[in-house]
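Take a look at the letters that make up each chain.
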Amino acid sequence: MTLIVPASAGGSTDVIARVLGEHMARTLDRIVVIENVSGGATTVASARTAASAPDGTTVLVAQLPLLAAPFLFTGLSYDTRTAFAPVGLINAGHTVLMARKQLAQSPTEAVAWLRANGTSANIGHGGIGSSGHFCALLLARALGVRPAFIAYRGGGPAMTDLVGGTLDMVCDQSTNAVPQVQAGAVQGILVAGPARIASISAVPTAAELGLPDVSLAVWHGMYVARSTPTAVIGRLNAALGTALADQAIVARFGQLGTSVFPPDQRSPQAHAAMFEAEYQRLGSLLSGMGITPQTVE
């Protein structure tokens, strides 16, 4: 079985897939290969999954870009709402804004720096339509600034440049941000969510810094080609559920500032309902920002 990650290695979705892949391989008694398929702002990986054999051997691990693609690009080779069968929800969390070391002495100072240097600053993210991209857009709108948005093929390469000092700031999911903040490689500026993250408790929420509109929930799910048999989807969902019930995985996700979905929200049906609701939410968010496929492309 191949778990497709629609971004480069080292990013948040890659971390999630590798943690789950090892566990699911044991449960399913089969080899699970993690394949990073970057490009096209995740649409290359999505198209490959949509066209794959409907036998459960090709599984996509995806988050917000899968749902956002129709609002950002024209000419997709698949219909996002009909090409995939949801397998199950994995985890939910929020994004974190980070800055290069020495940019500021505190989160408050970093926000003031961005407000003052908005036109010359740059903010990296894991690609158009990614959670980091949306986080950066919300931040810029809240501050009334227009920094340069630098898109990468995943959060991993963006983080590399932030650690190296090439970028001023990066927005990314907590699963990618927490280890770097803990290591002191970057500065944690704010959590785009309702509460601080316990493993980086010194980093305030956006609301604490006077930016309540900078809030973005992020979640991952697994998908297969639409016509995959229900029984195959059921076996994959059961293996996913077994992994998410493992307290070692629960603890690992918790360290990364994200949490697994509870058992009553892991079914394919619950995933399908979440997918539709979030599809509508992202569409409203993007249209409210004046973003259309024409403005992006």
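Residues numbered from 1 in each chain as written. Predicted model: local features only at pLDDT ≥ 70, side-chain atom pairs only at ≥ 80, totals over all residues. Heavy atoms only, no water.

> Describe the state of the cysteines, listing the residues and the values that go with them.
This model, assessed by the stated rule, comprises 1 disulfide. A sulfur-sulfur separation of 2.5 Å characterises the disulfide bridge that pairs Cys135 with Cys171. One quick way to see it: the torsion about the S-S bond of Cys135 and Cys171 is about -40°, and its sign makes the bridge left-handed. Of the two residues, Cys135 sits in helix H5 (residues 131-143) while Cys171 sits in strand E7 (residues 169-173), which places them 36 residues apart along the sequence. Pair check on accessibility: Cys135 and Cys171 agree, each one buried. (Disulfide = S-S within 2.5 Å. Helix = DSSP H or I, 4+ residues; strand = E, 2+ residues; numbered from the N terminus. Buried < 20%, exposed > 50% of the residue type's maximum accessible area, 1.4 Å probe, protein only.)

> Got a sec to walk through the packing of aromatic side chains? Specific residues and values, please.
According to the stated counting rule, one finds 4 aromatic pairs in the structure shown. Taking the centre distance of 6.3 Å and the plane angle of 70° together, the rings of Phe84 and Tyr223 count as edge-to-face. Of the two residues, Phe84 sits in strand E4 (residues 84-99) while Tyr223 sits in strand E9 (residues 217-225), which places them 139 residues apart along the sequence. Overall, Phe84 belongs to the buried group, its relative accessible area being 2%. You can call Tyr223 buried: its relative accessible area is 1%. Ring geometry for Tyr223 and Phe275: centres 5.9 Å apart, planes at 70°, overall edge-to-face. (Phe/Tyr/Trp six-rings, centres within 6.5 Å; stacked < 30°, edge-to-face > 60°.)

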